Amino acid sequence: MNKEVGICLALDNMSAENALRLTREVGRRCYAVKIHSLYHAEGGSIVGKLRNAGAPRVWVDVKLHDTPETVAESMTRLNHHGVHIVTVHAAGMLGMMQAAVNHLVLSSGPRTAVWAVTMLTSISQNDVERDCGTLKTIRDIVLGRALMARDAGLGGIVCSPQEIHMLAKHPDLKGMALAVTGIRPPDMDVGGHKRVGTLRQTIEDGATHVVIGREITEAEDPVEAFDALVATIN
């Protein structure tokens, strides 16, 4: 594909031992390792352990969504552990996202990136219509939230493969990280995801970062699977 894209390795549903082992094997070759349940299970100490194992960046995918004050408190705790990337729900609106940016600054280093999840990949158009009626489409909502994240000063956006082309070509979003989840090979079970796409199409549509999990973590030989993935991108 001849395009530089950051691989974010999702260490979901793994024990700390297995996550650290995989990070030691391939972590240095990733843009970041992404954790969610592992952070809740192990606490903030897992961030330093992953960094020591070779992760260049640790993305804590907590998807904060609360009042600005509560989000600010959470950001202060995350900052203490040296997190590199944190996600918030863009549905929390402008003030909440601004609070996230204003309260997450590493004490020794650059500002930590705050990325906005525009809409979970488990949500379908039918879900949106039940909540909002037929006045808005997923694309309408995702674009509106992405632009609001930009206005709040966030550094990146998380979306599904089905919206990345729209966001990547929008001039007002130029320079923001565009991270895509819900990437699945045609023959893989999509699980709870409803808005998915292939790696090739996602990159061609303009993603700057891709989140890959099960293809690596559930492979018989994770290192071989990672090498095959890198070969596909390059």
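Here we summarise the structure given alongside this text. Given the structure is predicted, the values throughout are model-derived calculations rather than measurements.

1. A few points about the packing of aromatic side chains
One pass over the full model with this rule turns up one aromatic pair. Relative to W115, the ring of W59 has its centre 5.0 Å away and its plane inclined at 75°; by these criteria the two rings are edge-to-face. Residue W59 is found in strand β3 (residues 58-64), and its partner W115 is found in strand β5 (residues 113-117); the two are separated by 56 residues along the sequence. A relative accessible area of 1% places W59 in the buried class. Judged by relative accessible area, which is 3%, W115 ranks as buried. Directly above the ring of W59 sits K34, whose terminal nitrogen or CZ lies 5.8 Å from the centroid. The ring of Y31 carries R57 above its face, with NZ or CZ at 3.9 Å from the centroid.

2. Let's talk about the nonpolar core
Formed by 68 residues in total, the largest nonpolar core has its most connected members in V88 and M97. A per-element tally of this core places helix α7 (residues 138-152) first, with seven residues. If we ignore the near neighbours within four places in the chain, the residues touching V88 are K63, L64, M75, M96, M97, A100, V114, W115, A116, V117 and L154. Of all hydrophobic cores here, the second largest spans 11 residues; its members include V117, V158, A179 and V211.

3. Description of the pairing of strand β6 (residues 156-159)
Here β6 shows no split at all, with G156 and V158 on one side and I157 and C159 on the other all buried. Looking at chain direction, β5 and β6 are connected through three bridges and run parallel. The residue bridging W115 from the neighbouring strand is G156, located in β6.

Scoring rules and cut-offs
- Residues numbered from 1 in each chain as written.
- Predicted model: local features only at pLDDT ≥ 70, side-chain atom pairs only at ≥ 80, totals over all residues.
- Heavy atoms only, no water.
- Phe/Tyr/Trp six-rings, centres within 6.5 Å; stacked < 30°, edge-to-face > 60°.
- Helix = DSSP H or I, 4+ residues; strand = E, 2+ residues; numbered from the N terminus.
- Buried < 20%, exposed > 50% of the residue type's maximum accessible area, 1.4 Å probe, protein only.
- Lys NZ or Arg CZ within 6 Å of the ring centre and 35° of its normal.
- Core = buried A, V, L, I, M, F, W, Y, C linked by side-chain atoms within 4.5 Å.
- Contact = heavy atoms within 4.5 Å.
- Pairing = 2+ DSSP bridges.

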